[in-house]
Amino acid sequence: MIKVFLPYKTRKIFNLPVEVDAEGNNLRNLIEFLDKKYPGLKQELVDEDKLIPTISAVIDGRTTKLGLIQKLDNVSEIHFLPSIAGG
Amino acid sequence: MVSKSKKSDYKVIGTRPIRHDGYDKVTGRAQYGADIKLPGMIYGAVLRSPHAHAKIKKIDISVAEKMKGVFAVMTAKDLPRLSDKQRGNSEESGSEKHLSENVMAMDKVLYKGHVVAAISAKDVNTAREAVKKIVVDYEVLKPVINVDQAMKKGAPILHEDFVGDHLGKKVKNTNVATFNKYTTGNTDEGFRKAHLIIEKEVELQTVHQGYIEPHNGTAIWDEDDRVKIWTSTQGSFANRDSVSKVLNLDVSRVKVTPLEIGGGFGGKIPVYLEPIAAVLSKKSRRPVQLVMSRTDVFDASGPAPGGKVIVKIGVDKDGKMLAGYADIRLEAGGYPEAFIEAAAKCVFSCYDIPAMEIEAYDVLVNKPSSAPYRAPGSPQVAFATETVVDEICRKLNMDLIDFRLLNVAEKGTRTALGPKYRKIGLKQVLEAAKKSDHWQSNLEKNPKSGKLRGRGIASGYWFNIGEKSAVNLSLNMDGTVILTEGSTDIGGSRASIAMQAAEVLGVKAESVRPSVVDTDSIGHTDVTGGSRTTYATGYAAYKAAHMLIDEITNKAAKIWDLSEDEIIYSDGVISSKTDSELRMTLREFADKNPFGPVVSSASVDLEEAAGGFGTHIVDLEIDPETGKTDVIRYTVLQDVGKAIHPAYVEGQLQGGATQGIGWALNEEYFMSDQGTMLNSSYLDYRMPIALDLPMIETILVEVPSEDHPFGVRGVGETPICPPVPAISNAVNDAIGSRILSTPIKASKILNKLKSM
């Protein structure tokens, strides 16, 4: 199982703890897993079969550039975070 | 300046060659945006709102458009109405609608200086005179100019049609565009167990990046609906994207040529004039150029957000941090984006705290829409956190560096937003600070002059985005290499990128000639921002250089009728593994190669790299008669990963510190109650000049990044994070009392001294 950390507002909407367990061989399947467990959660993360532009997925400390097709081999934790602009 | 670079086998990296564009810059031959002159070009001027908050009831252009010499008049009716669709996920944030409305107001002006109309004419003076003939009927509304006013119940609302996002709830009639929260660990328990809890609130005024070159834009809208733009931008592709969005064109119909840039610091990521120049060009059937005045730049380009930050930290009796809480309220200006996520990421970034809670508010106010400014959001929160840290040390009577080392963030530390750090170098920076000559020196606190002296220290952090970059290489017949890239060169990145290619190729830095080219001539390259350019575009150059070597060995093998694996390429010399007679320099190869051009092209799309940490030490002296503060010694220490060109790294550290010193002591948007900036010139907006500062000492600490083949970390933004708290802490050390609002100017110090 992979530890998943969702944005605070998503946790609030679905009344979830700081971390939840999920599984999936790629990010798409992991989100599907979460959506089955917590119906409606997918729409907080995915739009038009892509991660929402304002959401980043950080997989074991590294932000994926592959989006939903990112494979999840030997992954221990995933953070879904608001994307951050810089200067 | 002191460099503590470790010795290595590098031949080019770590050296200090003259920058490739140096001669053009010092002789004045370099072309900036306003230098462009095109055949038949005419000039534009814009009409700006005199009000900070008003509805546009009617615009009468009838007199202006009939004036002699006027070619075209434009209002927002000439722009397509765009949707609320959100843009991108890195530098280009916000909705398409707001992007367009910030270029030219549709129904409402949201800050003084907001553009409401534009004119093209045969010359600048005619355009300016014609603009005065446009009559706008406004319904003037009460402005809100700070977070307290904007968040007050019953406050005037900037966007009646806007829906705020408050922890997922859709909220109408609010000036809080976004309210977000981040939690990790159990803060209630942490604070309950704490031996000491310190809480401080700081307030920051709006400040500007202060780049020397004003915004500009030159455009031709061709008869076949292709738009060509020449401009000063931190990212030609981002500029192309924004222009195409505002004009509702495919990106392929827009070509952006970036000119030399006279500073940006984040402020030249947004577009302001380019879409206007394009529409005026279409209507005038001529190339059109617009250039901002300095007052326009202050009034209507994006400054750094002001706001308020509260930080509370609880520690045990030994000084170990147990819990942290932050409340961050930053001004977005007229449209959303106050960099609150970045601020949340940075607020506790220097420390290992088991429980953290952060609440962050993106607040709309009637000021120009905020733009990135060097580590956006980080200096604001560093002011609060490092003030609290300083106060804890004083209460516990702990050494200011030992306390930081006790709580230092390291590889594996969980950050406030959740993910754990990869390899970072704050501990090494603090250890170097402790050993530094500055920290080891004694400061005479009571000199004979009667002035008051104090020393302050503070740390700060900025991350290092990756994103997309492309580089092309081409071998000339004389053995030199042409490098083309899409990264605007603000701080010497042509040199730092060329040096990485030169290192791989085993040639001198001067043998690689870099050029920054237009959007039709290179692969997509993201902005020069987020401390990414030497890291990401440098990585692309590294890859392209290896690919060029593959090309060279492939063709050399054909010349000698050998297989490729029998060829050795080393230090610019090609030789055979099996026949010592077969040997040629790169120049000889380039000259005799009959097998066509030797070229390579590489691109990267990198994830964020582990960021950079800095610690600054400052000594200052305060005149108790006048309240004037003089910085008398200043040292910047920073983990720079690997300094490709140490002189430019040192320059970044000195520049960032200088801007931070200005932010701390002098700079502010001095606003009237009606939302007008009253000091919109460099005469009244006082930035530090060379005479105000001592030589800023730099100590480069090199903890190589794991994410780059040469260990590069971004260095440009971190140095603006520690100065405000370092100076504030030094002022407290000098006068025995804290001033927790910027700027810490003479009048505030005098008032504080009188009240003590």
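Residues numbered from 1 in each chain as written. Chains lettered and ligands numbered in written order. Predicted model: local features only at pLDDT ≥ 70, side-chain atom pairs only at ≥ 80, totals over all residues.

*Asks:* Sorry, what's going on with the overall build of chain A here?
*Replies:* Secondary structure assignment for chain A yields three helices and seven strands. Listing each helix as α and each strand as β along chain A from the N terminus yields β-α-β-α-α-β-β-β-β-β. For 87 residues, the compact-globule estimate of 2.2 N^0.38 gives 12 Å, and the C-alpha radius of gyration of chain A, at 12 Å, lies within 12% of that figure. By principal-axis analysis of the C-alpha atoms, chain A measures approximately 35 × 30 × 25 Å. Burial analysis of chain A (87 residues in total) assigns 33% to the buried set. The long-range share in chain A, meaning contacts at least 24 apart out of those at least 6 apart in sequence, stands at 46%. (Helix = DSSP H or I, 4+ residues; strand = E, 2+ residues; numbered from the N terminus. Rg over C-alpha atoms; globule rule 2.2 N^0.38 Å. Buried ≥ 20, exposed ≤ 12 C-beta atoms within 10 Å, placed from the backbone. Contact = placed C-beta atoms within 7 Å.)

*Asks:* What am I meant to see in the pairing of strand β3 (residues 54-60) of chain B here?
*Replies:* Taken residue by residue, a regular strand's side chains alternate between the two faces of the sheet. All names here are of chain B. Looking at chain direction, β3 and strand β5 (residues 108-109) are connected through two bridges and run antiparallel. Within β5, the position partnered with Lys55 by the bridge is Lys108. Taken together, the six bridges between β3 and strand β7 (residues 135-140) define a ladder with antiparallel strand orientation. Residue pairing for β7: Ala54 is matched across the bridge by Val140. (Pairing = 2+ DSSP bridges.)

*Asks:* Sorry if this is basic, but what is going on with the sheet that holds strand β9 (residues 169-172) of chain B here?
*Replies:* Whether parallel or antiparallel, the strands of a sheet pair through hydrogen bonds between backbone atoms. All names here are of chain B. Pairing within the open sheet is mixed, and its seven strands lie in the order β9-β8-β10-β18-β17-β16-β11. In the strand order of this sheet, the two ends are held by β9 and β11 (196-204), each with one partner. Strand-to-strand twist of the sheet, defined as the mean angle between neighbouring strand axes without regard to direction, takes the value 15°. In this sheet, strand β10 (residues 176-184) lies alongside strand β8 (residues 163-166) in parallel orientation, the contact comprising two bridges. Bridge pairing in β10 links His166 to Phe179. In the packing of helix α11 (residues 378-396) onto the sheet, the strands contacted are β11, β16 (307-315) and β17 (321-333), and the crossing angle to β11 comes to about 145°. (Axes fitted to C-alpha atoms, helices over the stretch in contact; angles between N-to-C directions.)

*Asks:* Help me understand the interface of chain B and chain A in this model?
*Replies:* Quite often, the size of an interface is put as the accessible area lost when its parts meet. At the junction of the two partners, chain B supplies 37 residues and chain A supplies 23 residues. Here the element with the most residues in the side of chain B that touches chain A is β10 of chain B; it accounts for five residues. The residue inventory of the side of chain B that touches chain A, partitioned by class, reads twelve nonpolar, 13 polar and twelve charged. (Nonpolar A, V, L, I, M, F, W, Y, C, P; charged D, E, K, R; others polar.)

*Asks:* Please explain the sheet that holds strand β25 (residues 583-585) of chain B as it appears in this structure.
*Replies:* All names here are of chain B. Pairing is antiparallel across the open sheet formed by three strands, whose spatial order is β23-β24-β25. Bordering the open sheet on either side are β23 (567-570) and β25, each of which pairs with just one other strand. The mean angle between the axes of side-by-side strands here comes to 15°, regardless of whether they run parallel or antiparallel. The sheet contact formed by strand β24 (residues 573-576) and β25 spans three bridges and is antiparallel. Bridge pairing in β25 links Ile574 to Met584. Where helix α16 (residues 533-560) meets the sheet, it contacts β23 and β24, and its direction lies at approximately 135° from that of β23.

*Asks:* What is the right way to look at the domain arrangement of chain B in this model?
*Replies:* All names here are of chain B. When the domains of chain B are assigned, the result is domain 1 (2-30 + 466-606) and domain 2 (143-420). Of note, the centres of domain 1 and domain 2, computed from C-alpha atoms alone, are 36 Å apart. Listed by partner, the interface residues are 14 residues for domain 1 and 18 residues for domain 2. Taken together, the residues that form the side of domain 1 that touches domain 2 break down as four nonpolar, seven polar and three charged. (Domains from an automatic or database assignment.)

*Asks:* Where do I start with α16 of chain B in this structure?
*Replies:* Note on helix geometry: an α-helix contains 3.6 residues per turn, so any two residues three or four positions apart are oriented the same way. An ideal rise of 1.5 Å per residue puts 40 Å on 28 residues; α16 of chain B measures up with 39 Å between its terminal C-alpha atoms. Count one or two residues on from α16 of chain B and you reach Asp561 of chain B, which has phi positive near 55°. (Expected span 1.5 Å × (residues − 1).)

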